[in-house]
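Descriptive structure summary
One letter stands for each residue in the lines below.
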Amino acid sequence: AGQMNFMLRIGDTLRTAPVSERLLDGITRRVVLEICRELQIPAEEKTMNRFTITCADECFLTGTAAECVPVTKLDAYQLGSGKIGPVTARILARFQELTQTTGTAF
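Because the structure is a prediction, the values reported are computed rather than measured.

Some points on unusual backbone geometry
One non-glycine residue with positive phi stands out, namely Q40, at about 60°. Counting through the fold element by element, Q40 comes out in the loop between α1 (27-38) and β3 (43-45). Residue Q40 is classed as exposed on the basis of its relative accessible area of 72%. Phi angles above zero are rare outside glycine, and D75 is one such case at about 55°.

If you want it as structure tokens, here you go:
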């Protein structure tokens, strides 16, 4: 299994940790941030902690092999509605569209 990046939505903004925090600056992560710009979804790179994550409206993981995987629970905490969130669904749909039409997401 390869490395994955954690992304979450709080309010209207998608958040991921900055690369400076020993985070993998992966292709899928970069594509998701580009999709956010395209879809006019505010996105920021900002430090996160466990409390931040449990307060998220939506969470998902990104990685080359997995693409975008919704996260609905962290330990005993339900994240958001407990189902794939609307922003995650929009990003995933656009990501899949790019991979099907161009053969690659970058």
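Let's talk about the pairing of strand β4 (residues 58-63)
Most of β4 sits inside the fold, with five of its six residues counted as buried. Two elements, strand β1 (residues 5-10) and β4, share five bridges in a ladder whose sense is antiparallel. Bridge pairing in β4 places N5 opposite T62. Linking β4 back to strand β5 (residues 67-71) in an antiparallel pair, the connection comprises three residues.

Some thoughts on the sheet that holds β3
Overall, mixed pairing links the five strands, which are arranged β3-β2-β1-β4-β5 in an open sheet. In the strand order of this sheet, the two ends are held by β3 and β5, each with one partner. The sheet shows a mean angle of 25° between the axes of neighbouring strands, direction not considered. Note: β4 against β5, five bridges, orientation antiparallel.

As for the pattern of salt bridges
Two side chains bearing opposite charge may form a pair once their charged atoms approach each other closely. In the structure shown here, the tally under the stated rule is eight salt bridges. Its salt-bridge partner being E44, residue R15 comes within 3.2 Å of it at the nearest N-O pair. With R15 in strand β2 (residues 13-16) and E44 in strand β3, the pair connects residues that are 29 residues apart, well separated along the chain. Owing to a relative accessible area of 13%, R15 belongs among the buried residues under this scheme. Given a relative accessible area of 29%, E44 falls into the partly exposed group. Counted as one network, the salt bridges with shared partners bring together R9, D57 and E58.

Here's the deal with empty space enclosed by the protein
Here the structure, examined in full by the defined rule, presents one cavity of 30 Å³ or more. Taken together, 13 residues line the largest cavity, and the ones lying closest to its centre are E58, C59, V71, K83 and G85. Secondary-structure elements contributing two or more residues to the lining of the largest cavity are β4 and β5. Of the residues belonging to the lining of the largest cavity, the class tally is five nonpolar, five polar and three charged.

As for the pairing of β2
Sheet analysis places β1 next to β2, joined by four bridges and oriented antiparallel. Considered in β2, the bridge of R9 is made with L14. By the bridge criterion, three bridges tie β2 to β3 in an arrangement that is parallel. Paired with R15 across the bridge in β3 is E44. Crossover β2 to β3 through α1 is right-handed.

What counts, and where the lines are drawn
- Residue indices begin from 1 for each chain and proceed along its sequence in written order.
- Restriction of local features to residues with pLDDT of at least 70 applies here, the model being predicted, together with a cutoff of 80 or more for giving and counting side-chain atom pairs; totals for whole chains, interfaces and linings are based on all residues.
- Heavy atoms throughout the structure, all of them, feed into the side-chain values; hydrogens and water do not.
- A run of DSSP states H or I qualifies as a helix once it reaches four residues; a run of E qualifies as a strand once it reaches two. Both are numbered from the N-terminal end.
- The buried label goes to any residue with under 20% of its type's maximum accessible area, the exposed label to any with over 50%, and the partly exposed label to all in between, with areas taken from a 1.4 Å probe on protein chains only.
- Any two strands with at least two DSSP bridges between them are considered paired.
- Note on method: axes are straight lines fitted to C-alpha atoms, helices fitted across the in-contact stretch only, with angles between N-to-C directions ranging 0 to 180 degrees.
- Basic side-chain nitrogens of Lys or Arg form a salt bridge, by our definition, when they fall within 4 Å of a carboxyl oxygen of Asp or Glu.
- Using a 1 Å grid laid over the protein atoms alone, points where a 1.4 Å probe fits but cannot get out form a cavity; open sets with protein on both sides within 12 Å along at least 5 of 7 lines form a pocket; any residue with an atom within 4 Å of a point counts as lining.
- Grid points are joined across faces, edges and corners, and a volume is the space filled by probe spheres set on the points.
- Under this grouping Gly is polar, as are all residues other than the nonpolar Ala, Val, Leu, Ile, Met, Phe, Trp, Tyr, Cys and Pro and the charged Asp, Glu, Lys and Arg.
- The definition of a right-handed crossover adopted here requires that, viewed with the strands pointing away, the path from the first strand over the helix to the second runs clockwise.

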